[in-house]
Amino acid sequence: MMSSEPSPASVRACVLAGGLGLRLRSVVPDRPKSLAPVGGQPFLGYVLRQLAEQGIGHVTICTGYGSEEVRRFADQGNGWGLEIDFSEERDPLGTAGALRLAMDRFTDDQFLVLNGDSFFDVQFDRLMETHRSMKAEGTIAVRWTHDPGRFGSIEVDDDGRVTSFREKVEAGPALINGGIYVLERSVLADLPLGEVASLERDVFPALTARAGGRGLATVAFDGWFTDIGVPADYASVDSDPEPILAALSRGARC
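Keep in mind that what you see is a predicted model, and the values were worked out from it rather than measured.

**Q** So what's going on with the side chain of Ser 118? Residues and values would help.
**A** Note on placement: Ser 118 falls in strand E7 (residues 118–120). Ignoring anything within four residues of it in the chain, the contact list for Ser 118 reads Phe 43, Val 47, Gly 178, Phe 225, Thr 226 and Asp 227.

So this is what it looks like as structure tokens:
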């Protein structure tokens, strides 16, 4: 029997690439954070390649600071085999506000969300399958670490649903947010257009606290992870991009 579930190629991905990148400005002063050069090419290119190599076909890039530079680089998907469009915020709206603005461009009831300044080696089809099977409102790709540091941690129940978020955590083990999500459109539908809001600080905690809701699910992956938001982490991956290339090679074989 043919499955009624959408294939990865029919699922839209939204890439958040509008941040100011103030913490990275000391080492990348002349371009948006998502275009910081890693291994000789803009970091955003690795994120787009990950999407393409796992069969995602449609991408909306949420832009803000450096919007024109991001548009020129992404070039409607030429070079990746993607169909790319853009949603530009004129003033910073936060991660949730940027997604709410982008939603006016498409009708998808369910979509992937990625950060343009982080990379997590995950299988998108597994993430989406878990989201659907758990009938969650949102699903977060998470990773175990012994050094949660600036990422904080996520507490989950035995079924993998989020019970709480902790901003400050001492040495692990702890689950951290890997910056890749599956969201239902309904999660953001009631957010007023143009309102500043954060997924991580506003929307996700509210979903977790809401009684009677389907809440947030998680899927744990042990793949390679990086976030280039601070100079030390950026320098680490720029000096040795091999892990990200190896992750992309594995993704292409999925």
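Anyway, onward from the coordinates.
**Q** Describe the packing of aromatic side chains, listing the residues and the values that go with them.
**A** Applying the stated criterion to the full structure yields eight aromatic pairs. On the numbers, 6.2 Å between centres and 45° between planes, the contact of Phe 119 with Trp 224 is tilted. Remark: Trp 224 occurs in the loop between strand E12 (216–220) and strand E13 (225–227) and Phe 119 occurs in strand E7; sequence separation between them is 105 residues. Take Phe 119: its relative accessible area is 1%, and that puts it in the buried class. On the accessibility criterion, Trp 224 (22% relative accessible area) is partly exposed. Summarising the aromatic geometry, the rings of Phe 151 and Phe 225 are spaced 5.5 Å apart at their centres and angled 75° between planes, so their arrangement reads as edge-to-face. Here Phe 225 lies in strand E13 and Phe 151 lies in the loop between strand E8 (138–145) and strand E9 (153–156), a separation of 74 residues in the sequence. By relative accessible area, which is 16% here, Phe 225 ends up buried. Among the aromatic residues, ring-to-ring pairing joins Phe 120, Phe 151, Phe 221 and Phe 225 into one connected group. A cation sits over an aromatic face here: Arg 25 above Tyr 65, 5.1 Å from the ring centre.

**Q** Would you mind going over the pattern of salt bridges in detail, with residue names and values included?
**A** It is possible for side chains of opposite charge to pair when their charged atoms get near one another. For the structure on display, the rule yields eight salt bridges. For Lys 33, the salt bridge goes to Asp 117, with nearest N and O atoms at 2.6 Å. With Lys 33 in the loop between strand E1 (12–17) and strand E2 (37–38) and Asp 117 in the loop between strand E6 (110–115) and E7, the pair connects residues that are 84 residues apart, well separated along the chain. Each member of the pair Lys 33 and Asp 117 is classed as buried. Between Glu 155 and Arg 166 there is a salt bridge; the shortest N-O distance is 3.3 Å. In this pair, Glu 155 sits in strand E9 while Arg 166 sits in strand E10 (residues 162–166), placing the two residues eleven residues apart along the sequence. Residue class for Glu 155 comes out partly exposed when judged on its relative accessible area of 28%.

**Q** Can you lay out empty space enclosed by the protein for me, pointing to particular residues and giving the numbers?
**A** Under the counting rule described, the total for this entry stands at two cavities of 30 Å³ or more. When its volume is computed, the largest cavity comes out at roughly 40 Å³. Contributing to the lining of the largest cavity are Gln 50, Leu 114, Asn 115, Ser 118, Phe 119, Phe 120, Gly 178, Gly 179 and Ile 180. Going through the elements one at a time, E6, E7 and strand E11 (174–184) are the ones with two or more residues in the lining of the largest cavity. Taken together, the residues of the lining of the largest cavity sort by class into four nonpolar, five polar and no charged. In this structure, the second largest cavity is lined by Leu 20, Gly 21, Leu 24, Arg 25, Val 28, Arg 31, Pro 32 and Lys 33.

Parameters at a glance
Residues numbered from 1 in each chain as written. Predicted model: local features only at pLDDT ≥ 70, side-chain atom pairs only at ≥ 80, totals over all residues. Heavy atoms only, no water. Helix = DSSP H or I, 4+ residues; strand = E, 2+ residues; numbered from the N terminus. Contact = heavy atoms within 4.5 Å. Phe/Tyr/Trp six-rings, centres within 6.5 Å; stacked < 30°, edge-to-face > 60°. Buried < 20%, exposed > 50% of the residue type's maximum accessible area, 1.4 Å probe, protein only. Lys NZ or Arg CZ within 6 Å of the ring centre and 35° of its normal. Salt bridge = Lys/Arg side-chain N within 4 Å of Asp/Glu carboxyl O. 1 Å grid on protein atoms, 1.4 Å probe; cavity = no way out; pocket = protein on both sides within 12 Å on 5 of 7 lines; lining within 4 Å. Points joined across faces, edges and corners; volume = space filled by probe spheres on them. Nonpolar A, V, L, I, M, F, W, Y, C, P; charged D, E, K, R; others polar.

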